[in-house]
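Fold and geometry: a report
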Amino acid sequence: MAEGESKKNALLDNIPCCLPLLPVRDIVVYPYMILPLFVGREKSIRAVEQAVAEYDRKIFLVAQKDSKTEDPSPDEIFRFGTVGNIMKLLKLPDGRLKILVHGLIRAELKKYKEEKNCFIAKIKKIIEKENIEHTLEVEALMRNVKSQMEKSLSLGKAILPDVVVIANNIDDPGKLADLIVSNLVLKTEETQSVLEIIDPVQRLKRVNELLSKELEVLAMQKKIQSQAKEEMDKDHREYYLRQQLKAIQHELGQVDERTEEINELKAKIEKANLPEEARNEAEKQLSRLAKMHPEAAESGMVRSYLEWLIEIPWNISTEDNLDIAQASRVLDEDHYDLEKVKERILEYLSVRKLKKNKMKGPILCFVGPPGVGKTSLGKSIARALGRKFVRISLGGVRDEAEIRGHRRTYIGSLPGRIIQGIRQAGSNNPVFMMDEVDKIGADFRGDPSAALLEVLDPEQNSAFTDHYLGLPFDLSNVMFIATANLLDPILPAFRDRMEIIHLPGYTDMEKLKIAKKYLIPKQLEENGITDKDLVISDQAVLKIINEYTREAGLRNLEREIATICRKCAKRKAEGSTRKVHVFPRNLHQYLGVPAYQRELEYKSDEVGVATGLAWTEAGGDIIHIEATTMKGKGALILTGHLGEIMKESAQAALSFARSEAEHLGIKENHAEKDIHIHIPAGAIPKDGPSAGVTMATSLVSLFTNRPVRKDVAMTGEITLRGHVLPVGGLKQKVLAAKRMGITNIIVPARNKKDIQEIPKHVRQNIHFIYAESMKDILEVALKNPNGDS
């Protein structure tokens, strides 16, 4: 014992109080440890060289707090470390050093100074207690620590068996603690905390706590590994059992569900009569499906894709009804008038009948106000042709994938609406109606209108490729019919691919005939009554048309008729057996007070008030343009919710009136007066150039103090020279004038050809005046101050 103490004292005496400082990363060096270190930092290399040259190979090894710090200062290292002896030194080719160090004793950093490009540390050597009494507690603690170390080894902890043997032969608690903690893979902070405990028994207690925590982690880790292994074993077991079951079923001549599904899909592919390209793709995907695990996520996607390929009618067509007379009867049964559309369909059937070989389907676009029967006309065409009918609404559609489909890489992907519609129809030549094409939107996901260019191009749609299918599909047999309220929002390239057919509004007499033939019988049936319960006179229907609705179509008219039918149904349900007769005199009992008045708002001819004709989405309408002057600075005030084009027309009208003041008989100078032009119904937006002549007439009437005839309505665009340019929507405007009882209509001379498009019964009792310049209009519309025109 005395010999050991003398050796220890000699060792302590040989360790100087000042030593070179070597910061180490990610490791804490303990006494009695022998380990290699790679030294690469400049200051560290200088510290090693100093230790070898001047300090008898002694060096102070301290762990640094943050391993990422490249050049730590003494404040960035721990205060406690280990004095080590450099046993071997090897210089590497890249300039680094490899040293083998042996930990000697603990030491505490007291001061430091920088010398010769390295830190020299002043240390306090820590002398541990020896010959500690092995009390019952200490003995139990040592045994428990040794037992836990062996247990951790059994749970898979990476501890060398030699370490366990050495630990079992150590009787000193301090050395045992140092040996175990230096061989456990712990965080630097935890290992350092044990190094700083001077008392051996307390240090061993801390190691015991760390070992207990480590055992819990190892036990949980083993549990997780065991569960994962069980799952893998289960999968392997299921696979082997499934393979064995398949072999047994094969021997018994039976087929499992998976094989049965594959065989069923294969039979469907054979039966589907797919084109060669589609058939090859189907067989390729079926082969992939057969090799996949049934629970694989992709198997569901492949199965859905195969079902789509099989169910699409690649070569299934319906036979067209080529009986022209019968098709004409069907069209007449379903719709009144619309001769232009019916004629176009019959022309197609005639060509189809004469041309035996394949011909491309027409691509039509019905443009007209709401309620004129665009959608129902598509159904009627399908019935007349003997084809299936499919309708999709494109209003508000903003995603290009709605047309072309989603690629199969996305979860829940589907074909676009075109292919979905073809599958729904069950034939490759349906009548395909696309409603509201003027209301298609566009955003960051693409422009559906651009995607429709291929669909509606007869030269391209014979090989339309949906993103989901990835195969060309022939759409040339499909009869596409688009509907729109306005042409302006439709892209020019999109519009160019369609044959535009305008469906103007109906006249009062046309609405009456449609109501008697279609609307009233339909509503009687829908409300559970018959013509024995309700009779609506023709005059009552006309009053509904003129005073309860104001539209180009028939929707509101049908709603009002439905209201009368419901009231009659209510009486019948209450037990009344009296037949209801509806006449103009008792119409208010069913529909209330009329919503519109047929009479003009102005009862007499007035100065500065002219009547114009306007076109709206709902058909034609009457507008009254009022003008007045007041003291001011010559400003032009425009009110009535006018658009930019209408404001420019007002400026042009005023410029014409002022420039032609002498010829028009305008004597007073209005340059110092403000001029106010107002169009009533300010809540309704108004725009377009066709009110130019009306505003000019109103201004000239105001400046010359000549009243405007209230029985004259006009339409036309004006130029600065007073020329009258043609306008559109003439039929709807004439219908609006007729509804209001106006008998004199001034139209541009260049629109004379369009008058022939208006039915004769509408033109009856209307006097058309064709104007080439404002002079022609003013001669008819203005009266002299004494009342003569």
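Quick summary incoming for the structure in this document. On a predicted model such as this, the values are computed, not experimentally measured, just so you know. (Residues numbered from 1 in each chain as written. Predicted model: local features only at pLDDT ≥ 70, side-chain atom pairs only at ≥ 80, totals over all residues. Heavy atoms only, no water.)

**Considering the overall build of the chain**
Where we set the bar: Strands are runs of DSSP state E lasting at least two residues, helices are runs of H or I lasting at least four, and both sets are numbered from the N terminus onward. Radius of gyration here is computed from C-alpha atoms only, and the compact-globule reference equals 2.2 Å multiplied by the residue count raised to the power 0.38. A 1.4 Å probe rolled over the protein chains alone gives each residue an accessible area, and that area as a share of the maximum for its type sets the label: buried under 20%, exposed over 50%, partly exposed in between. It only takes one pair of heavy atoms within 4.5 Å for two residues to be counted as in contact. Asp and Glu are treated as the negative residues and Lys and Arg as the positive ones, with His and the ends of the chain left uncounted. To locate a charge, take NZ of a lysine, CZ of an arginine, CG of an aspartate or CD of a glutamate.
Each helix and strand in the chain was counted, giving 27 helices and 24 strands. Taken over the C-alpha trace, the chain has a radius of gyration of 49 Å; the compact-globule value for 789 residues is 28 Å, which it surpasses by more than 25%. A burial count over the chain gives 47% of its 789 residues as buried. Restricting the contact set of the chain to residue pairs at least 6 apart, pairs at least 24 apart contribute 74%. A distance of 3 Å separates the average location of the 118 positive side-chain charges in the chain from that of its 115 negative side-chain charges.

**A word on the environment of Ser 304**
One can find Ser 304 in helix α10 (residues 297–311). Along the chain, Ser 304 and Ala 53 lie 251 residues apart, while their C-alpha atoms are 79 Å from each other.

**Section: the sheet that holds strand β13 (residues 499–502)**
Inclusion rule: By definition, two strands form a pair when at least two bridges between them are found by DSSP. As a rule, the C-alpha atoms of each element are fitted with a line to give its axis, helices using only the stretch in contact, and angles between N-to-C directions run from 0 to 180 degrees.
The strand order across the open sheet formed by five strands is β8-β9-β12-β7-β13, and the pairing between neighbours is parallel. What marks the edges here is a single partner per strand, and that holds for β8 (389–393) and β13. Pairs of neighbouring strands in the sheet enclose a mean axial angle of 20°, with direction left out of account. Both strand β7 (residues 363–367) and strand β12 (residues 479–484) contribute to a ladder of five bridges, which runs parallel. Bridging from a neighbouring strand, Val 367 pairs with Ala 484 of β12. Taken strand by strand, helix α13 (residues 374–385) contacts β7, β8, β9 (431–435) and β12, and its axis lies near 175° from that of β9. Strand contacts of helix α15 (residues 417–425): β8 and β9, with the helix running at about 150° to β8, the strand carrying the most contacts.

**Looking at the nonpolar core**
Filter applied, for reference: Nonpolar cores were defined as sets of buried Ala, Val, Leu, Ile, Met, Phe, Trp, Tyr and Cys residues, with membership established by side-chain atoms within 4.5 Å.
Among the nonpolar cores identified, the biggest contains 63 residues, and Leu 22, Phe 60 and Val 83 are the most heavily contacted of them. Ranked by the residues each element gives to this core, the list is headed by strand β5 (residues 97–115), at seven residues. Here Leu 22 is in contact with Leu 37, Val 39, Ser 44, Val 48, Ile 59, Phe 60, Leu 61, Val 62 and Ile 99, once residues within four sequence places are set aside. Core analysis: the second largest hydrophobic core is formed by 53 residues, Leu 306, Ile 312, Val 390 and Ile 419 among them.

**Focus on helix α22 (residues 644–659)**
Note the threshold: One less than the number of residues in a helix, times 1.5 Å, gives the span that helix is expected to have.
Compared with an ideal rise of 1.5 Å per residue, which puts 16 residues at 22 Å, α22 spans 23 Å between its outermost C-alpha atoms and is within 8% of the ideal. Every buried residue belonging to α22 is among Met 646, Ser 649, Ala 650, Ala 652, Ala 653, Leu 654, Phe 656 and Ala 657, and all of these are buried.

**As for the pattern of salt bridges**
Let me state the cut-off plainly: The working definition used for a salt bridge is a side-chain nitrogen of Lys or Arg within 4 Å of a carboxyl oxygen of Asp or Glu.
By the definition in use, this model includes 36 salt bridges. Linking Glu 574 and Lys 570 is a salt bridge whose minimum nitrogen-to-oxygen distance equals 3.0 Å. Overall, Glu 574 belongs to the exposed group, its relative accessible area being 57%. Three or more residues are tied together by salt bridges with common partners; here these are Arg 106, Asp 178 and Arg 203.

**A few points about the environment of Asp 488**
Summarising the element assignment, Asp 488 is placed in the loop between β12 and α17 (492–496). Judged by relative accessible area, which is 71%, Asp 488 ranks as exposed. The spatial distance from the C-alpha of Asp 488 to the C-alpha of Ser 304 is 41 Å, given a sequence separation of 184 residues.

**Some remarks on the packing of helix α4 (residues 161–168) against helix α5 (residues 173–183)**
Stated precisely, the cut-off is as follows: Any angle from 65 to 115 degrees is called roughly perpendicular, while one under 35 is roughly parallel, one over 145 is roughly antiparallel, and all others are oblique. By convention the crossing between two helices is left-handed if the near helix lies anticlockwise of the far one by an angle smaller than a right angle, and right-handed if it lies clockwise.
Two elements in contact, α4 and α5, have axes separated by 10 Å at closest approach and are oriented at 165°. By the angle class used here, α4 and α5 are roughly antiparallel. Handedness of the α4/α5 crossing: left-handed. Residues Val 163, Ile 166 and Ala 167 of α4 form the contact with α5, whose participating residues are Leu 176, Leu 179 and Asn 183.

**Quick look at the packing of α22 against helix α24 (residues 692–704)**
Relative orientation of the contacting elements α22 and α24 amounts to 40°, with a least axis distance of 8 Å. Judged by the inter-axis angle, α22 sits oblique to α24. The handedness of the crossing between α22 and α24 comes out as right-handed. Facing α22, whose interface residues are Met 646, Ser 649, Ala 650, Ala 653, Leu 654, Phe 656 and Ala 657, α24 presents Gly 692, Met 695, Ala 696, Leu 699, Val 700 and Phe 703.

**Side note on the environment of Gly 81**
Along the chain, Gly 81 turns up in strand β4 (residues 80–91). Classification of Gly 81 by relative accessible area gives buried; the value is 1%. In this structure the C-alpha to C-alpha distance between Gly 81 and Glu 108, which are 27 residues apart in sequence, comes to 6.4 Å. Setting aside anything within four residues of it in sequence, one finds Gly 81 in contact with Phe 60, Leu 61, Val 62, Ile 105, Arg 106, Ala 107 and Leu 195.

**Some details on helix α19 (residues 538–548)**
Every buried residue of α19 is accounted for by Ala 540, Val 541, Leu 542, Ile 544, Ile 545, Asn 546 and Tyr 548. Those residues of α19 that are buried are in contact with α18 (508–526), β14 (534–536), α20 (555–573), β15 (580–582), α21 (588–591) and α25 (730–739).

**Quick word on a negative patch on the surface**
Going by this rule: Like-charged residues within 9 Å of one another, or nonpolar side chains (Val, Leu, Ile, Met, Phe, Trp, Tyr) within 5 Å, are grouped into patches, provided each residue has over 30% relative accessible area and no salt bridge. In this description, accessible areas are obtained by the Shrake-Rupley approach with a 1.4 Å probe, and a residue is regarded as covered only by the protein chains that are shown.
A contiguous patch of negative charge on the surface is contributed by Glu 42, Asp 66, Asp 71, Asp 75 and Glu 76. By the element assignment, Asp 71 lies in the loop between β3 (58–63) and β4.

**Some words on the pairing of strand β2 (residues 34–39)**
Because side chains alternate across β2, one face comprises the buried residues Leu 35, Leu 37 and Val 39, and the other comprises Ile 34, Pro 36 and Phe 38, none of which is buried. Note that β2 and β5 share six bridges and pair antiparallel. Residue pairing for β5: Leu 35 is matched across the bridge by Val 101.

**A look at the packing of aromatic side chains**
Short version of the rule: A pair of aromatic rings is counted whenever rings of Phe, Tyr or Trp (Trp by its six-membered ring) have centres within 6.5 Å, and the orientation is called stacked for planes under 30 degrees apart, edge-to-face for over 60 and tilted otherwise.
Tallied over the full model, the rule gives four aromatic pairs. Geometrically, the ring pair formed by Tyr 112 and Phe 119 is edge-to-face, given 5.8 Å between the ring centres and 85° between the ring planes. The class for Tyr 112 is partly exposed, based on a relative accessible area of 35%. You can call Phe 119 buried: its relative accessible area is 13%. For the ring pair Phe 432 and Phe 480, a centre distance of 5.5 Å and an interplane angle of 45° mean the geometry is tilted. Of the two residues, Phe 432 is situated in strand β9 and Phe 480 in strand β12; the sequence distance between them amounts to 48 residues.

**Considerations on the side chain of Asn 527**
For clarity, the cut-off: Distance and chemistry together define a polar contact, namely a pair of N or O atoms within 3.5 Å, with one atom able to donate a hydrogen and the other to accept it when in protein, and with adjacent residues in sequence counting only for side-chain atoms on both sides.
When you line up the elements, Asn 527 lands in the loop between α18 and β14. A distance of 2.8 Å separates a polar atom in the side chain of Asn 527 from the backbone oxygen of Gln 523. When sequence neighbours within four positions are dropped, the list of residues in contact with Asn 527 reads Ala 562, Cys 565, Arg 566 and Ala 569.

**Observations concerning unusual backbone geometry**
One non-glycine residue, His 641, adopts positive backbone phi at about 60°. Its location among the elements puts His 641 in the loop between β18 (636–639) and α22. Within the chain, Asn 705 stands out as a residue other than glycine whose phi angle is a positive 60°. Mapped onto the elements of the fold, Asn 705 is located in the loop between α24 and β20 (712–714).

**Considerations on the state of the cysteines**
The cut-off we apply is this: By convention in this document, the label disulfide applies to cysteine sulfur atom pairs within 2.5 Å.
Applying the stated rule across the entire model yields zero disulfides. With no disulfide of its own, Cys 18 has Cys 17 as its nearest cysteine by sulfur position, at a separation of 6.6 Å. Free of any disulfide, Cys 118 has its nearest cysteine sulfur in Cys 18, 12 Å distant. Note on Cys 118: relative accessible area 0%, which makes it buried.

Functional significance is not addressed by these values, which are geometric in nature.
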